[in-house]
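# Structure assessment
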Amino acid sequence: MDNIKNLREEFENISQQNFNGNPAFGPDGQCVADEEVDLKDYPSYTEALYAKLIAPHVSGIYISRWDIKDIALAAGDSMAIHPRKRMFELLMKYATSKENMQSVLDALEEHMEDKIGIYNEFITNYPNSSEVFQPKIDKARKTMRLFPHIIEEYFE
């Protein structure tokens, strides 16, 4: 009975925070966390990068299968269309050298900048949309700041 009472109090606190202008969740519905997840927390670097780069709730950008194909082509690889995870795994097999990984990250950064440009255009044309798109832009910028760390972590 005490657990239910504690759960109810916790829910009421979250509700009060959300309605008093100090939301417990960000504008995109994700929990706002200060802690960074270390890339070493994942069993393989492919899984770590998949979680950091391809998950739109983390990176702020949805990367489709066609996007992965275009990123691979820009990086110097050619691939057929498969499920997203499989395509990313194939891209990571290509990016086993530092030079290839740098090419992949450069192509990914260019792709993300293109998406950010689209988001900024929405914000310019529809100012009320900034509360939707600005968090995505911030996440994308944060993800792109991770790119040099990826090279250091896995290739040096």
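As shown above, the structure is provided for reference.
Here's what I pulled together on the structure shown here.

Conventions used here
- Residue numbers here run from 1 along each chain, matching the order of that chain's written sequence.
- For this predicted model, a pLDDT threshold of at least 70 governs which residues receive local features, and a threshold of 80 or more governs which side-chain atom pairs are given and counted, while totals over whole chains, interfaces and linings are taken from all residues.
- The basis for every side-chain value is the complete set of heavy atoms in the structure, and neither hydrogens nor water enter the calculation.
- By nonpolar core is meant a set of buried Ala, Val, Leu, Ile, Met, Phe, Trp, Tyr and Cys residues that side-chain atoms within 4.5 Å join together.
- Partly exposed residues are those whose accessible area sits between 20% and 50% of the maximum for their type, while under 20% is buried and over 50% is exposed, using a 1.4 Å probe and protein chains only.
- Helix and strand definitions follow DSSP, with helices as H or I runs of at least four residues and strands as E runs of at least two, each counted in order from the N terminus.
- The contact criterion used throughout is that any non-hydrogen atoms of two residues lie within 4.5 Å.
- Buried and open spaces are told apart on a 1 Å grid over the protein atoms alone, a cavity being a set of points where a 1.4 Å probe fits but cannot get out and a pocket being an open set with protein on both sides within 12 Å along at least five of seven lines. Residues with an atom within 4 Å of a point are the lining residues.
- Grid points are joined across faces, edges and corners, and a volume is the space filled by probe spheres set on the points.
- Put simply, Ala, Val, Leu, Ile, Met, Phe, Trp, Tyr, Cys and Pro go in the nonpolar bin, Asp, Glu, Lys and Arg in the charged bin, and everything else, Gly too, in the polar bin.
- By definition, a salt bridge exists where a carboxyl oxygen of Asp or Glu is found within 4 Å of a side-chain nitrogen of Lys or Arg.
- Angles shown run from 0 to 180 degrees and are taken between the N-to-C directions of axes, each axis being a line fitted to C-alpha atoms and, for helices, limited to the stretch in contact.
- Roughly parallel covers angles under 35 degrees, roughly antiparallel covers those over 145, roughly perpendicular covers 65 to 115, and oblique covers all other angles.
- Two helices crossing with the near one rotated counterclockwise from the far one by less than a right angle form a left-handed crossing, whereas a clockwise rotation gives a right-handed crossing.
- Each helix should span, by expectation, one fewer than its residue count multiplied by 1.5 Å.

### Topic: the nonpolar core
In terms of nonpolar packing, the biggest core is built from 33 residues, with L53, L91, M92, M101 and F147 touching the most fellow members. Every element with two or more residues in this core is listed here: α2 (45–54), α4 (65–75), α5 (84–94), α6 (98–125), α7 (130–145) and α8 (147–155). The greatest single-element share of this core, amounting to nine residues, is contributed by α6. With near-sequence residues (within four places) excluded, F147 lies in contact with L53, L105, L108, E109 and M112.

### Quick notes on empty space enclosed by the protein
Taken as a whole and assessed by the stated rule, the structure comprises one cavity of 30 Å³ or more. What the largest cavity holds in volume is close to 60 Å³. Surrounding the largest cavity, L53, I54, I63, I68, I71, F88, L91, M92, V104, L105 and L108 form its lining. For the lining of the largest cavity, the secondary-structure elements that each account for two or more residues are α2, α4, α5 and α6. Grouping the constituent residues of the lining of the largest cavity by class yields eleven nonpolar, no polar and no charged.

### Examining the pattern of salt bridges
Under the definition given, this model contains three salt bridges. Note that D67 and K115 form a salt bridge whose closest N and O atoms lie 3.9 Å from each other. Placement of the pair is D67 in helix α4 and K115 in helix α6, with a sequence separation of 48 residues. Between E89 and R86 there is a salt bridge, and its shortest N-O distance comes to 3.9 Å. Highlighted residues: E89 and R86, both in helix α5, separated by three residues, approximately one helical turn.

### Description of the packing of α6 against α7
Put simply, α6 and α7 touch, their axes get as near as 10 Å, and they point 160° apart. Relative to α7, α6 is oriented roughly antiparallel. Read as a crossing pair, α6 and α7 show a hand that is left-handed. Taking contact as the criterion, the partners of E109, M112, E113, I116, Y119, N120, F122 and I123 in α6 are, on α7, S130, F133, Q134, K136, I137, A140, R141, T143 and M144.

### Looking at α7
In this model, α7 (16 residues) spans 22 Å end to end at C-alpha, consistent with the 22 Å of a helix rising 1.5 Å per residue. Of all the residues in α7, the buried ones are F133, P135, I137, K139, A140, T143 and M144.

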